[in-house]
Amino acid sequence: MESDSVYRLTGIDPDSSELNYGLKFEKPDSTNEFLTEENIETFMRLKDNYDLSIDQVMDSLNTTSLSSFQYNLTRQYVRLARADKQIVLGQLLKNLPIMMLFTMPLFALLLKLFYMRRHQYYITHLIHALHLHSFAYVIYGFAFVMARYWVPDGTGFYVILSAVILASTHSYISFLKVYKQGWFKTLVKFKTLGFLYSWLLFFAFIVELVFSVATF
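To start, this report covers the structure provided alongside it. Only a predicted model underlies this, so the values are computations on that prediction, with no experimental measurement involved. (Residues numbered from 1 in each chain as written. Predicted model: local features only at pLDDT ≥ 70, side-chain atom pairs only at ≥ 80, totals over all residues. Heavy atoms only, no water.)

A count of helical and extended segments in the protein chain gives eight helices and zero strands. Shown N-terminal to C-terminal, the secondary structure of the protein chain runs as helices and strands in the order α-α-α-α-α-α-α-α. Here the protein chain, with 216 residues, has 28% of them falling under the buried criterion. Restricting the contact set of the protein chain to residue pairs at least 6 apart, pairs at least 24 apart contribute 61%. Counting every atom, the protein chain has about 15,900 Å² of accessible surface; 66% of that belongs to carbon and sulfur. (Helix = DSSP H or I, 4+ residues; strand = E, 2+ residues; numbered from the N terminus. Buried < 20%, exposed > 50% of the residue type's maximum accessible area, 1.4 Å probe, protein only. Contact = heavy atoms within 4.5 Å. Areas by Shrake-Rupley, 256 points an atom, 1.4 Å probe, with all protein chains shown as cover.)

The next thing to look at is helix H7 (residues 156–179). In a regular helix each residue adds 1.5 Å, so 24 residues correspond to 34 Å; H7 covers 35 Å between its end C-alpha atoms and thus fits that length. Every buried residue belonging to H7 is among Gly-156, Val-159, Ala-163, Ala-167, Ser-171, Tyr-172, Ser-174, Phe-175 and Tyr-179, and all of these are buried. A positive phi of about 55° marks Lys-180, the residue just after H7. (Expected span 1.5 Å × (residues − 1).)

So, about the side chain of Gln-181. Note on placement: Gln-181 falls in the loop between H7 and helix H8 (183–214). For Gln-181, the side chain forms a polar contact with the side chain of Lys-189, separated by 3.3 Å. Setting aside anything within four residues of it in sequence, one finds Gln-181 in contact with Tyr-115, Arg-118, Leu-176, Thr-186 and Lys-189. (Polar contact = N/O pair within 3.5 Å; in protein donor to acceptor, adjacent residues only side chain to side chain.)

Our focus in this paragraph is the packing of helix H6 (residues 122–150) against H7. One way to put it is that H6 packs onto H7 with a least axis distance of 9 Å and a crossing angle of 165°. With respect to H7, the axis of H6 lies roughly antiparallel. Seen along the crossing, H6 lies across H7 with a hand that is right-handed. Within the contact of H6 with H7, the residues separate by chemical class into 17 nonpolar, seven polar and no charged. (Axes fitted to C-alpha atoms, helices over the stretch in contact; angles between N-to-C directions. Parallel < 35°, antiparallel > 145°, perpendicular 65-115°, else oblique. Left-handed = near helix turned anticlockwise from the far one by under 90°. Nonpolar A, V, L, I, M, F, W, Y, C, P; charged D, E, K, R; others polar.)

This paragraph deals with a nonpolar patch on the surface. Residues Leu-93, Leu-96, Phe-195, Leu-196, Trp-199, Phe-202, Phe-203, Phe-205, Ile-206, Leu-209 and Val-210 make up a contiguous nonpolar surface patch of roughly 1,000 Å² in combined accessible area. Here Phe-195 is to be found in helix H8. (Patch = residues over 30% accessible without salt bridge, like charges linked within 9 Å, V, L, I, M, F, W, Y side chains within 5 Å. Salt bridge = Lys/Arg side-chain N within 4 Å of Asp/Glu carboxyl O.)

As C-alpha cells, then:
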C-alpha cells in the first residue's frame, strides 16, 4: 500500500494539522493460560532436578488449560529438555539412515522425470542413485573422520569442502556417462536436480526430526 493510501481511503486530508492518532492493543481472550510466568519459573527451577520424575515435574505445573494432545506434547518437551544432549543427538543420527532410505527412491523418481526421453527403466535410475549415494557416503565419512582426528585444527573446513567438490564432480561425470547427453545440458539438469534434491532433503530432515522427537 502507498504511504497515503489510508488517508485517501477515509477521505482525510493528510496535510491537516488537526489529525489525532490513537492505537489501542488488547490481549485477546484465551482459555489457554499455560504459558504463565509462574509456570515458566517453576519449569526452569525443576527441569535440572533429576530427583524428580518427568511426571512429577508436570504435576508441578498448572496444566488444566491444556488439551490431551497439548499435554503430551508439553511432556515430551520436558523430557527432551531434561535429556542428555548426546543421547538426543544419537537418536537423530540413528534415524538418519531410515530417512535416506526413503529419500533415495524419490531421488530416482526425479531422475526418471528428468530423463524421461532416455526410455530407461526406473530400476536403472534407482541403481544410479544407489551408486551416487554410496560414493558420497564413503567420501563424506572419510572426510569427517579426517577433519575430526587427523588434520590440524582450523583445516577441517577445507577437508569437508574438498569432499563436497569431489563428490559433486564424480556425480556430474556419472551423469555424463550414464545418460550420454551434452556437457551443458547435463550441467543444467545436474544443477536443477541438486536444487530440488536439497529441498527434498530439507523436508525429509524436518520429518525425521519430528519423528525422532516424538519417539524419543
